[in-house]
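What follows is the residue order along each chain.
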Amino acid sequence: MLKCRNSPSVRNSIIVSAVVNLSMSIVQIVFGLLTKSSGLLADGFHTLSDLFSDFIVLVTGIFSQKEADEDHQYGHYRYEDVSAFFLGMSLLAIGASIVWSSSKRMLVGNIQSVGITPLFVSISMIVIKELLFRYMLGVAKTANSSMLIANAWHARSDALSSLVVCLGIIGNRCGYPFLDQLAGIIVGLIIARMGLLFSYDSFNALTDHATSEVTYKKIREIILSTPGVHGCHDIKTRTVGGMILVDVHIEVDGNISVRKGHDIAVEAIRRVTLQLPVLNVMTHIDPV
């Protein structure tokens with residue numbers, strides 16, 4: 001998991017994504033302001049939010065992967081959760097602002113017809129985002145990175161928001177000016193929803209939220225399949241920076257030596273950390 005996150009192919013693809021998103025957001029925001037297209041302006045901020053996401057992955061990835069020290073004896077993985085929480089709150093505020101602005105202009109009737117330029121810009125953004133998706137997906141499959149695959153499909157979903165904006169601009173030019181404002185509202189809601197999900201997930205991590213039921217069962221199955229383990233109980237989990245911390249009581253034969261029981265526990269830990277994104281497993285040996 002950590003190697004995948006820090007591999008050169010992963011870093012390079014994120015850098016490419018960041019550069020492309022920065023360029024697209026500048027073009028969309030500038031032309032959105034010049035042409036007074038609410039949809040294009042909103043989509044520009046949506047693209048900018050992807051740049052923030054890339055920034056989070058790059059910067060917090062560097063800090064969160066620092067070795068444990070005296071002040072952070074469990075490592076620096078919480079940096080990622082804290083950064084994601086503030087990013088989510090920022091996106092929520094941006095999305096709400098866009099929805100408010102577009103809704104206000106629609107209600108007061110301050111709606112103008114937009115030119116042909118926003119349409120060309122919007123179509124170009126759809127093409128570029130689709131090419132970015134194909135590039136990132138190719139790198140992700142080569143690197144066998146689930147994180148990159150998720151990022152690639154995120155780029156594909158962003159193309160859908162640009163499609164909404166494109167349709168809104170077409171509707172505006174066809175005599176329905178409010179459709180451009182409506183596109184701005186829809187994209188604003190998409191940004192706000194993204195921010196809400198970021199904030200919710202990171203808040204759960206910061207409050208020691210347990211891992212999913214599926215992962216919990218997988219951890220239990222791996223431990224029980226370890227030779228020498230007769231059972232396990234009191235499994236507790238918490239998430240931290242995309243990783244998992246586990247506490248568990250492992251049951252072993254009460255007649256074996258302490259060293260043998262220790263070796264069984266070490267093997268169980270090795271299997272869990274090898275198969276799942278588990279940072280550490282704290283074990284307690286119970287004789288049966």
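Up top is the structure these notes are about.
First, a word on scope: everything that follows refers to the structure included in this document. (Residues numbered from 1 in each chain as written. Predicted model: local features only at pLDDT ≥ 70, side-chain atom pairs only at ≥ 80, totals over all residues. Heavy atoms only, no water.)

This part covers the nonpolar core. I223, V246, V248, I250, V272, V278 and V281 are the most contacted members of the largest nonpolar core, which has 18 residues in total. For this core, the secondary structure elements donating two or more residues are α8 (213-224), β1 (231-240), β2 (243-252), α9 (258-275) and β3 (278-287). No other element matches the five residues that β2 contributes to this core. Apart from residues lying up to four places away in sequence, I250 is in contact with I223, V229, G231, A265, A268, T283, H284, I285 and D286. If you look at the next biggest cluster of nonpolar residues, it comprises 16 residues, including L91, V121, C166 and I169. (Core = buried A, V, L, I, M, F, W, Y, C linked by side-chain atoms within 4.5 Å. Buried < 20%, exposed > 50% of the residue type's maximum accessible area, 1.4 Å probe, protein only. Helix = DSSP H or I, 4+ residues; strand = E, 2+ residues; numbered from the N terminus. Contact = heavy atoms within 4.5 Å.)

With that settled, consider the packing of α8 against α9. Two elements in contact, α8 and α9, have axes whose closest approach is 9 Å; the angle formed by their N-to-C orientations is 140 degrees. Between α8 and α9, the crossing angle belongs to the class labelled oblique. In this structure, the crossing between α8 and α9 has a hand that is right-handed. Contacts from K218, I219, I222 and I223 in α8 reach R271, V272 and Q275 in α9. (Axes fitted to C-alpha atoms, helices over the stretch in contact; angles between N-to-C directions. Parallel < 35°, antiparallel > 145°, perpendicular 65-115°, else oblique. Left-handed = near helix turned anticlockwise from the far one by under 90°.)

Taken together, the side chains of I116, F120, I123, V127 and L131 make up a nonpolar region of the molecular surface, amounting to roughly 450 Å² of accessible area. Relative to the helices and strands, V127 resides in helix α5 (residues 117-143). The exposure class assigned to V127 is partly exposed, which follows from its relative accessible area of 46%. (Patch = residues over 30% accessible without salt bridge, like charges linked within 9 Å, V, L, I, M, F, W, Y side chains within 5 Å. Areas by Shrake-Rupley, 256 points an atom, 1.4 Å probe, with all protein chains shown as cover. Salt bridge = Lys/Arg side-chain N within 4 Å of Asp/Glu carboxyl O.)

This part is about helix α7 (residues 178-206). Here α7 contains 29 residues, and its C-alpha end-to-end distance of 42 Å stays within 8% of the 42 Å for a straight helix at 1.5 Å per residue. Phi for D208, located one or two positions after α7, is positive at around 60 degrees. (Expected span 1.5 Å × (residues − 1).)

Without other data, these values stay purely geometric and don't point to any function.
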